Amino acid sequence: MRTIDTIVIGAGHAGLAVSRLLTGAGRDHVVIERGRIAERWRTERWDSLRLVNPNWMLRLPDWEYDGPEPDGYLSAGRFVRHLVQYADSFGAPVVSEATVLEVTQASSGGYRVVTDRGSWRARHVVIATGPHGAPRVPAGLGAAEVLTANNYRSPGLLAPGGVLVIGASSSGVQIADELNRAGRQVHLSVGRHTRMPRCYRGMDIFWWLESIGRLARTIDDVPDRAAARREPSMQLIGHRPGERPRQVDLPTLQGAGVRLLGRFDGMDGSRALFRLDLADSAATADLRMHRLLDAVDEYIACTGLTSEVPPAIRPPSLAAPAESVDLSMAGIGTVLVATGYRPEYPWLRLPIVGPDGYIQQDRGITAAPGVYVVGQRFQYRRDSGFIDGARHDSHTVVQHLLTACTVESAR
């Protein structure tokens, strides 16, 4: 068994951010990755996917985007190359193709990390596997009956016929939009969602979110932590260089021919059932959106910024949805589920996982001394789940790790 100071689990953007800071501090460590650097971006994203945040937000410790399109949106493949270049820039000690099988407390102190490529004993473990675990499949659908968003690649690879997409957050609306543009008849089941304009008063919505301080909002500022961490991702889409920004919100999709339905409510034979809650879900999302845009307008007024006149944003005037759809009679050949992920840590044998399956932490620090987590949704700041937010959480975690080491050495 090899002995090392720190093991980082996961070589995505969060794990590499931690590795960069540990490298700068001269801390002996390895980054264990089940596949290759940015594996999920390589194998669990559809072919046409682009980041929804602009390139200027690709800020990690000692690394940021310096290409010709700061206001553009990288493709998934280009983002993989971006992270590989980041790892190469400081010689990240990544151990690839090593699946973690078990993390336990070592009898001699520290932690034992077992992989299919050997075992380590470490004083510290940083879990940077991200918020994605196993795809959530709604009750009433068997896993074998559906295609989950992480396995979708392109319209041409689906079975012939229409598609029922369940879930209308970022992935669901983007996939529905792509399928509709490819000539598929798309039915979109809508639950709780976050509507947001791509641009507002001349600037990308992320520019405003950062400028008014929404991305820096902390978990201590919200009344319901669990609800904040379950907030649906924004209905946004990145576009190619030279393309005009476009919307993938419900009015736009309906106008393009996508058939909108309420929340999926199970199956009755070949008939999919839906709640009659589409209007309420859309109205709630619009109310939240306009509260944010009102805050932007107030910020502009207070700071004296010059900006474009507020654009007219179409209200959610949506057609009355059906209560059920017979998949066979409607010619639907694929049911695609994009309802997010549930946490999954079967290898973590430490008492730090809560009843909801999530790792219990405070600013990335867990109850197990020397064990940390980075890259969770709303881990501390609102942007913790975004690429850009990892720089803040990684600094907090590594600073705590180094300070703890100093205290231990002084004893």
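Residues numbered from 1 in each chain as written. Predicted model: local features only at pLDDT ≥ 70, side-chain atom pairs only at ≥ 80, totals over all residues. Heavy atoms only, no water.

## Things to note about the sheet that holds strand β10 (residues 147-148)
Note: strands within a sheet are paired through backbone hydrogen bonds, in either parallel or antiparallel orientation.
Logical step 1: Read across the sheet, 5 strands follow the order β10-β19-β11-β12-β15 without closing on themselves; strand pairing throughout is parallel. Only two strands of the sheet have a single partner each, and these edge strands are β10 and β15 (259-261).
Logical step 2: Taken together, the 3 bridges between strand β12 (residues 186-189) and β15 define a ladder with parallel strand orientation. Directly across from serine 189, in β15, lies its bridge partner leucine 261. (Pairing = 2+ DSSP bridges. Helix = DSSP H or I, 4+ residues; strand = E, 2+ residues; numbered from the N terminus.)

## Thoughts on the sheet that holds strand β18 (residues 324-326)
Logical step 1: Ordered in space as β16-β17-β18, the 3 strands form an open sheet in which the pairing is antiparallel. In this open sheet, the two strands that pair with only one neighbour each are β16 (264-268) and β18. Averaged over all pairs of adjacent strands, the angle between strand axes in this sheet comes to 20°, irrespective of strand direction.
Logical step 2: Sheet topology note: the β16/strand β17 (residues 271-274) ladder contains 3 bridges and is antiparallel. Counted as the bridge partner of aspartate 268 is arginine 271 from β17. (Axes fitted to C-alpha atoms, helices over the stretch in contact; angles between N-to-C directions.)

## Considering the pattern of salt bridges
Logical step 1: Within this structure, the stated rule accounts for 24 salt bridges.
Logical step 2: The residue arginine 20 makes a salt bridge to aspartate 62 at a minimum N-O spacing of 3.5 Å. Linking arginine 20 in helix α1 (residues 13-24) with aspartate 62 in the loop between β3 (59-60) and β4 (63-64), this pair joins segments that are 42 residues apart in sequence.
Logical step 3: Residue arginine 36 is joined to glutamate 39 by a salt bridge in which the shortest nitrogen-to-oxygen separation is 3.2 Å. (Salt bridge = Lys/Arg side-chain N within 4 Å of Asp/Glu carboxyl O.)

## What to know about helix α4 (residues 170-181)
Logical step 1: With 12 residues, α4 extends 17 Å from end C-alpha to end C-alpha; this agrees with the ideal 16 Å at 1.5 Å per step.
Logical step 2: A large share of α4 lies buried, amounting to 10 of its 12 residues.
Logical step 3: Residues Ser170, Gly172, Val173, Gln174, Ile175, Ala176, Asp177, Glu178, Leu179 and Asn180 constitute the buried set of α4.
Logical step 4: Buried residues along α4 sit against β11 (162-166), β12, α7 (250-255) and β19 (332-337).
Logical step 5: Downstream of α4 by one or two residues, glycine 183 has phi in the positive range, about 95°. (Expected span 1.5 Å × (residues − 1). Buried < 20%, exposed > 50% of the residue type's maximum accessible area, 1.4 Å probe, protein only. Contact = heavy atoms within 4.5 Å.)

## Things to note about the packing of α1 against helix α3 (residues 76-90)
Logical step 1: Look at α1 against α3: their axes get within 10 Å of each other, and the N-to-C directions meet at 15°. On the basis of their axis angle, the class for α1 and α3 is roughly parallel. Helix-helix and strand crossings are classified by hand; for α1 and α3 the assignment is left-handed. Contacts between α1 and α3 involve His13, Leu16, Ala17, Ser19, Arg20 and Thr23 from the first element and Phe79, Leu83, Tyr86, Ala87 and Phe90 from the second.
Logical step 2: Among the residues making up the contact of α1 with α3, the classes are represented as 7 nonpolar, 3 polar and 1 charged. (Parallel < 35°, antiparallel > 145°, perpendicular 65-115°, else oblique. Left-handed = near helix turned anticlockwise from the far one by under 90°. Nonpolar A, V, L, I, M, F, W, Y, C, P; charged D, E, K, R; others polar.)

## Here we look at the nonpolar core
Logical step 1: In terms of nonpolar packing, the biggest core is built from 60 residues, with Leu188 and Leu336 touching the most fellow members.
Logical step 2: Listing elements by their share of this core, those giving two or more residues are α1, α3, β11, α4, β12, α7, α8 (278-303) and α9 (390-410).
Logical step 3: Counting residues per element, this core draws most heavily on α3, which supplies 7 residues.
Logical step 4: Ignoring sequence-local partners within four residues, the contact set of leucine 336 consists of Leu147, Ala149, Tyr152, Val163, Leu164, Val165, Ile166 and Ile175. (Core = buried A, V, L, I, M, F, W, Y, C linked by side-chain atoms within 4.5 Å.)

## Focus: the pairing of β12
Logical step 1: In β12, alternate side chains face the same way, and those of Val186 and Leu188 on one face and His187 and Ser189 on the other are all buried.
Logical step 2: Pairing analysis gives 4 bridges linking β11 to β12, with the strands arranged parallel. Within β12, the position partnered with leucine 164 by the bridge is histidine 187.
Logical step 3: Traced from β11 through α4 to β12, the parallel crossover comes out right-handed. (Right-handed = clockwise from strand over helix to strand, strands pointing away.)

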